[in-house]
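The lines below spell out each chain.
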Amino acid sequence: MTELVTRDFTAPAADGYPLSMRLVSAAEPRIAVLVSSGTGFPKGFYERFARHMAERGAAVLTYDFRGIAGSRPDDLKAMAMDYPDWGRLDMPAALDALVEAAPGLRVVHVGHSVGGHFLGFMNNQDRIDRHAFVSVGTGWWGGHHRSYNPMELFFWLGFGPFSLLRHGYIKGGGLWGGTDLPRGVFTTWRRWCLKREYFSRELETTLRPHHYEAVTAPIRSWIFTDDPIATPNTARDLLTVYPNAPSEISVHAPGDFGARRIAHEGAFRKCMEPLWERIFHWLDNGDA
């Protein structure tokens, strides 16, 4: 078993907001891996995955976006932020922290769900050599599995507004299985998910400036047949916002990795080492 070094620390985002981060590293790493979470997933959710990567020679940084888990303020109701702040302010800071912790190493990125949506907001994205997208597709409800539509529409139009009215934020538990979410995350997320174009039309107007056209590092997108959200079609739609990045989609059934279920979050749960091996192989400049 490779000896690993783990360090928890806080680093400032571009605007000074304190972000909770964790570095899990081989004693002498040869590659640096940034892991960007899905919406409402704390950094601890990716611990097994991070340790697996580290055991193969990586320095792996996981982190909590502002408003989430270890980066949650005492008064979430009073928190003023917008969803893209995660890409504009938090992701660049996490990348800087990884480069500082693992200087001189080639840097690659694993984006889960929204972690793959926002790299085009990063002003330092050009420091990343490859991107592995895992369960990354647009949030447009009409592109999702029909069986999932009633629940998500109730979340957008019923549960979410009620939670905002009662708590001032989206409270975790019940229908929403993720962490508590700031108001600014939910309202923008809902606006995008109710539109066929998701956020792509806004990239031409209100979301400028951004760096989506500047992303040229290869992207490989892993999609799973039982994921009701990141389907082959929504994955293709999402990749169109990166017009200059070479990209490919790899679709798999859970059984391809000896699993009964993967869905939208299962790629990072225990016993998914066969998938993690493929991801690491590709990030480490292996072929498809």
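Scroll up for the structure.
Residues numbered from 1 in each chain as written. Predicted model: local features only at pLDDT ≥ 70, side-chain atom pairs only at ≥ 80, totals over all residues. Heavy atoms only, no water.

Observations regarding the pairing of strand β7 (residues 219-224)
Here is the rule we go by: The rule is simple: take the accessible area with a 1.4 Å probe, protein chains only, and divide by the maximum for that residue type; under 20% is buried, over 50% is exposed, in between is partly exposed. Strands here are runs of E lasting at least two residues and helices are runs of H or I lasting at least four, both read from the DSSP assignment and numbered beginning at the N terminus. Whether two strands pair comes down to DSSP finding at least two bridges between them. We call a crossover right-handed when, viewed with the strands running away from us, the connection from the first strand over the helix to the second turns clockwise.
With 6 of its 6 residues buried, β7 lies for the most part within the structure. Two elements, strand β6 (residues 130-134) and β7, share 4 bridges in a ladder whose sense is parallel. The residue bridging H131 from the neighbouring strand is I219, located in β7. Examined bridge by bridge, β7 and strand β8 (residues 247-252) share 6 bridges and lie parallel to one another. Bridging across to β8, W222 finds its partner in S250. Running through helix α6 (residues 232-239), the crossover from β7 to the neighbouring parallel element β8 is right-handed.

Examining a nonpolar patch on the surface
In plain terms, the rule: Within the patch definition used here, like charges are joined within 9 Å and nonpolar side chains (Val, Leu, Ile, Met, Phe, Trp, Tyr) within 5 Å, considering only residues with over 30% relative accessible area and no salt bridge. Each accessible area is a Shrake-Rupley result for a 1.4 Å probe, and residues are judged covered by the shown protein chains and nothing else. Whenever Lys or Arg places a side-chain nitrogen within 4 Å of a carboxyl oxygen from Asp or Glu, that contact is recorded as a salt bridge.
A surface patch of nonpolar side chains, about 270 Å² in accessible area, is lined by M151, F154 and L175. Tracing the backbone through its elements, the reader meets F154 in helix α4 (residues 149-167).

Structural notes on helix α2 (residues 85-101)
The test is simple: An expected span of 1.5 Å times one less than the residue number is assigned to each helix. Working definition for bend: take the seven residues up to and ending at a residue and the seven starting at it, fit an axis to each, and measure the angle between the axes.
Taking 1.5 Å per residue, 17 residues should reach 24 Å; α2 reaches 23 Å between its end C-alpha atoms and fits that length. Along its length, α2 reaches its greatest deviation from straightness, about 30°, at M91, and the proline P92 lies no more than four positions downstream.

Thoughts on the nonpolar core
Nonpolar side chains in soluble globular proteins generally cluster together in the buried interior. Heads up, the rule is: Buried Ala, Val, Leu, Ile, Met, Phe, Trp, Tyr and Cys residues form a nonpolar core when they are joined through side-chain atoms within 4.5 Å. Contact criterion: two residues are considered in contact whenever any of their non-hydrogen atoms come within 4.5 Å of each other.
By size, the foremost hydrophobic cluster in this structure holds 62 residues, and its most contacted members are M21, L61, W86, F118, W189, F199 and Y242. Listing elements by their share of this core, those giving two or more residues are β1 (4-12), β2 (18-26), β3 (31-36), β4 (58-63), α2, α4, α5 (183-193) and α6. It is α2 that provides the largest number of residues to this core, a total of 9 residues. Setting aside residues no more than four positions away along its own chain, Y242 makes contact with G116, H117, F118, L119, G120, F133, Y212, V215 and I219.

Things to note about the pattern of salt bridges
In total, this model carries 17 salt bridges according to the counting rule given. The closest approach of N and O atoms between R106 and D129, which form a salt bridge, is 2.7 Å. Here R106, found in strand β5 (residues 106-112), pairs with D129, found in the loop between α3 (114-117) and β6; they are 23 residues apart in sequence, far enough to count as distant. A salt bridge links E202 to K195; the shortest N-O distance between them is 2.9 Å. What you see here is one network of salt bridges that share partners, running through D8, R22 and E47.

Some details on the environment of G142
With respect to the helices and strands, G142 occurs in the loop between β6 and α4. Taking relative accessible area as the criterion, G142 reaches 13% and is therefore assigned buried. Remark: the alpha-carbon pair of G142 and V185, spanning 43 residues in sequence, is separated by 20 Å.

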